[in-house]
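# Commentary on secondary and tertiary structure
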Amino acid sequence: ADFDAKKKRKVAEIYQALNSDPIDVPKLRRMAISEGGLLTDEIRCKVWPKLLSVNTDDLPPLPAGKELREDNKDYQQVLLDVRRSLRRFPPGMPDDQREGLQEELIDIILHVLKRNPQLHYYQGYHDIVVTFLLVVGDRLATALVEKLSMHHLRDFMYPTMDNTKQILNYLMLIVDQVNPEVHDFMQSAEVGTIFALSWLITWFGHVLSDFRHVVRLYDFFLACHPLMPIYFAAAIVWHRKQEVLDCECDMASVHHLLSQIPQDLPYESLISKAGDIFVQFPPSKLTKKAAQAERTAASTFKDFELASVQQRPDTVLRQRFRERLRGEERLRGEERTKSVLTKPRTNRFVKLAVMGLTVALGAAALAMVKSALEWAPKFQLQIFP
């Protein structure tokens, strides 16, 4: 009963945020992150577009499937992947209904690729698209997936996998921060990070069998920084630290253990943990470690600034790299900005970290979104017209 009362309260708060003028997007982000996420698919249909700043009043009509399929270089591969996606549909769904949805799935994917020839299809993309299709239907799914593909998923859609590999490398850096012992063990086993590839590029859609867990994670990822899935992956490794350390220290054993994802993960506490790790080791810190070089004042603020304009993950990294190359003059300018911009922020992060961050509701995750939006009012105007 207590849970139901809490749920009712949360539903009321979500609708209040949706009905306020202007729509209270920061609050919707907090709701999507906090315990239970957005609760129902009906609410997701209303909130997901707001989290991705997609205007639902102005959705383009979907083209006829036949014209999409002719002369499309990706059609055969998409068809194969979609045919293999049976287990992504609810068990017990009538065959003809499922087949209809599979046709829609093919059309959505081909439509997004045709409109954006710079995007390259990858195996696993359909796992993300089917999640949107099942929650919001084909027309809205097409608009949301297109936006997502230009931002959060952009790194996985280059002709090569270089950017994806770079993001996967972050996993070991994060594990090293939260549990050096596990990191060293994994290094000795030479396990690499390929076990997490399907987690990352499908937002866990491919590896979790319970659809409720998948959409709960999508609530979280849509409300956060584009790199959050890799922090969540690190939270899973952290959660299984004892199993890892008890394993034989060789590649096959550790890879086998980690790639078999347990279905009964404590999702809410892992979401909290991922938010906490993000606050303590934001992407700017990781890049600094990755580059092993002196870096200028690319404060955590910048990560939020980029997240607020819905940058894709790798842009953050490239931006850092360019900054390092810009030499002394830039450094002097940045030092001046730094004193203005980052000192109070950094202290705030230190305070958060010291407070001991693992609260059931993910206080850090909430603070993180709240601060992101408080600190970037000028961007808010652009994204949430």
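Conventions adopted
Residues numbered from 1 in each chain as written. Predicted model: local features only at pLDDT ≥ 70, side-chain atom pairs only at ≥ 80, totals over all residues. Heavy atoms only, no water. Axes fitted to C-alpha atoms, helices over the stretch in contact; angles between N-to-C directions. Helix = DSSP H or I, 4+ residues; strand = E, 2+ residues; numbered from the N terminus. Parallel < 35°, antiparallel > 145°, perpendicular 65-115°, else oblique. Left-handed = near helix turned anticlockwise from the far one by under 90°. Contact = heavy atoms within 4.5 Å. Nonpolar A, V, L, I, M, F, W, Y, C, P; charged D, E, K, R; others polar. Salt bridge = Lys/Arg side-chain N within 4 Å of Asp/Glu carboxyl O. Buried < 20%, exposed > 50% of the residue type's maximum accessible area, 1.4 Å probe, protein only. pLDDT = per-residue confidence, 0-100. UniProt positions renumbered as here; feature names shortened; annotations may be inferred.

## A short note on the packing of helix α1 (residues 2–19) against helix α2 (residues 25–33)
α2 packs onto α1 with a crossing angle of 155° between their chain directions and a minimal axis gap of 8 Å. Between α1 and α2, the angle is such that the two are roughly antiparallel. Judged by the twist between their axes, the crossing of α1 over α2 is left-handed. Each of K10, E13, I14, Q16, A17 and L18 in α1 lies in contact with α2, whose residues at this interface are K27, L28 and M31. Each residue belonging to the contact of α1 with α2 can be placed in one class, and the counts come to five nonpolar, one polar and three charged.

## A few points about the pattern of salt bridges
It is possible for side chains of opposite charge to pair when their charged atoms get near one another. Under the defined criterion, the tally for this structure stands at 15 salt bridges. For R69, the salt bridge goes to D107, with nearest N and O atoms at 3.0 Å. Placement of the pair is R69 in helix α4 (residues 65–69) and D107 in helix α6 (residues 95–115), with a sequence separation of 38 residues. Pair check on accessibility: R69 and D107 agree, each one buried. Among the ionic pairs, E243 bridges to R240, the shortest N-O distance being 3.0 Å. Here E243 falls in the partly exposed class, since its relative accessible area comes to 38%. Residues joined by salt bridges that share partners form a network here, namely D41, R44 and D219.

## Looking at unusual backbone geometry
The step from D21 to P22 runs through a cis peptide bond, and the omega angle for that step is 0°. The backbone phi angle of S53 is positive, close to 45°, even though this residue is not glycine. Within the secondary structure layout, S53 lies in the loop between α3 (41–51) and α4. With a phi angle near 55°, E190 is a residue other than glycine that sits in the positive phi range. By the element assignment, E190 lies in the loop between α10 (180–189) and α11 (197–201).

## Some details on the confidence of the model for the chain
Of the residues in the chain, 75% have a pLDDT of 70 or more, and the chain-wide mean is 81. Confidence drops under pLDDT 50 across residues 293–311; counting only partners more than four residues distant or on other chains, this segment forms 59 contacts. Note on residues 336–385: pLDDT is under 50 here. Beyond four places in sequence and across chains, it has 70 contacts.

## Notes on the UniProt feature "transmembrane region" (unreviewed entry) in the chain
Per the UniProt record, the feature "transmembrane region" (unreviewed entry) sits at residues 191–208, 220–238 and 349–369. With 28% helix and 0% strand, residues 191–208 has end C-alpha atoms that lie 22 Å from one another. Its end C-alpha atoms 19 Å apart, residues 220–238 is made of 79% helix and 0% strand.

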